[in-house]
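Here's the letter readout for the chains.
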Amino acid sequence: MKIEQIDIYNLSIPFIHPFEFSNGKLVSHTCLIIAVRSEGLTGWGECPTFAQPYYSYETITTASHILKDFLIPKLIGKNIH
């Protein structure tokens with residue numbers, strides 16, 4: 001099976017109650033959802049990062065950049081088992 005297409009969806013999911021911590025408060029969680037398509041099948045995955053670098057240097061922006069500009073171009077057309 002060859003990877004034919006990879007799509008990235010940037011979602012913002014609201015919390016029922018705000019999540020408060022020492023640096024502030026979050027009212028929603030933003031994440032990247034990844035769809036990998038091959039021969040009529042779709043595999044789904046999540047890149048669980050935050051919009052801001054709270055406790056990790058990785059953010060939605062940096063993860064999206066790495067996926068779009070480096071990883072996805074190398075994976076398109078590759079065989080998966």
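Residues numbered from 1 in each chain as written. Predicted model: local features only at pLDDT ≥ 70, side-chain atom pairs only at ≥ 80, totals over all residues. Heavy atoms only, no water.

Asks: Hey, could you run me through a nonpolar patch on the surface in this one?
Replies: Residues Tyr9, Leu11, Ile13 and Trp44 make up a contiguous nonpolar surface patch of roughly 410 Å² in combined accessible area. Element by element, the count of residues in the nonpolar patch is highest for strand E1 (residues 5-21), at three residues. By the element assignment, Ile13 lies in strand E1. For Ile13, a relative accessible area of 43% translates into the label partly exposed. (Patch = residues over 30% accessible without salt bridge, like charges linked within 9 Å, V, L, I, M, F, W, Y side chains within 5 Å. Areas by Shrake-Rupley, 256 points an atom, 1.4 Å probe, with all protein chains shown as cover. Salt bridge = Lys/Arg side-chain N within 4 Å of Asp/Glu carboxyl O. Helix = DSSP H or I, 4+ residues; strand = E, 2+ residues; numbered from the N terminus. Buried < 20%, exposed > 50% of the residue type's maximum accessible area, 1.4 Å probe, protein only.)

Asks: I'm lost on the environment of Ile16 in this one. Help?
Replies: You can see Ile16 is positioned in strand E1. Look at Ile16 and you get exposed, because its relative accessible area is 79%. For the pair Ile16 and Ser28, spaced 12 residues apart in sequence, the C-alpha separation works out to 8.6 Å.

Asks: Got a minute to help me understand the sheet that holds strand E2 (residues 24-38) in this structure?
Replies: Two pairing modes exist for strands in a sheet, parallel and antiparallel, and in both the strands are linked by backbone hydrogen bonds. Read across the sheet, three strands follow the order E1-E2-E3 without closing on themselves; strand pairing throughout is antiparallel. This sheet does not close on itself; its edge strands, each paired only once, are E1 and strand E3 (41-47). For this sheet the average axis-to-axis angle between neighbouring strands, irrespective of direction, equals 25 degrees. Pairing between E2 and E3: seven bridges, direction antiparallel. Within E3, the position partnered with Leu32 by the bridge is Cys47. Strands in contact with helix H1 (residues 60-75) are E1, E2 and E3; relative to E2, the strand with the most contacts, it is inclined by about 5 degrees. (Pairing = 2+ DSSP bridges. Axes fitted to C-alpha atoms, helices over the stretch in contact; angles between N-to-C directions. Contact = heavy atoms within 4.5 Å.)

Asks: Help me out: how do you make sense of unusual backbone geometry in this one?
Replies: Glycine aside, a negative phi is what most residues show, and trans is what most peptide bonds show. Unlike most non-glycine residues, Glu39 shows phi in positive territory, near 50 degrees. On the secondary structure map, Glu39 appears in the loop between E2 and E3. Given the relative accessible area of 53%, Glu39 is considered exposed.

Asks: Sorry, what's going on with the confidence of the model for the chain here?
Replies: Low pLDDT means the predicted coordinates in that region are not meant to be read closely. Summing up the model confidence of the chain, the mean pLDDT is 91 and the portion of residues at 70 or higher is 100%. For the chain, per-element mean pLDDT is lowest for E2, which scores 91, and highest for H1, which scores 96. (pLDDT = per-residue confidence, 0-100.)

Asks: It is not clear to me how the pairing of E1 should be interpreted in this structure. Could you clarify?
Replies: Two faces, one strand: in a regular strand the side chains alternate between the faces of the sheet. Where E1 and E2 come together, 13 bridges link them in antiparallel fashion. By the bridge assignment, Phe21 is partnered in E2 with Gly24. Once E1 ends, the chain turns through two residues before running back antiparallel as E2.

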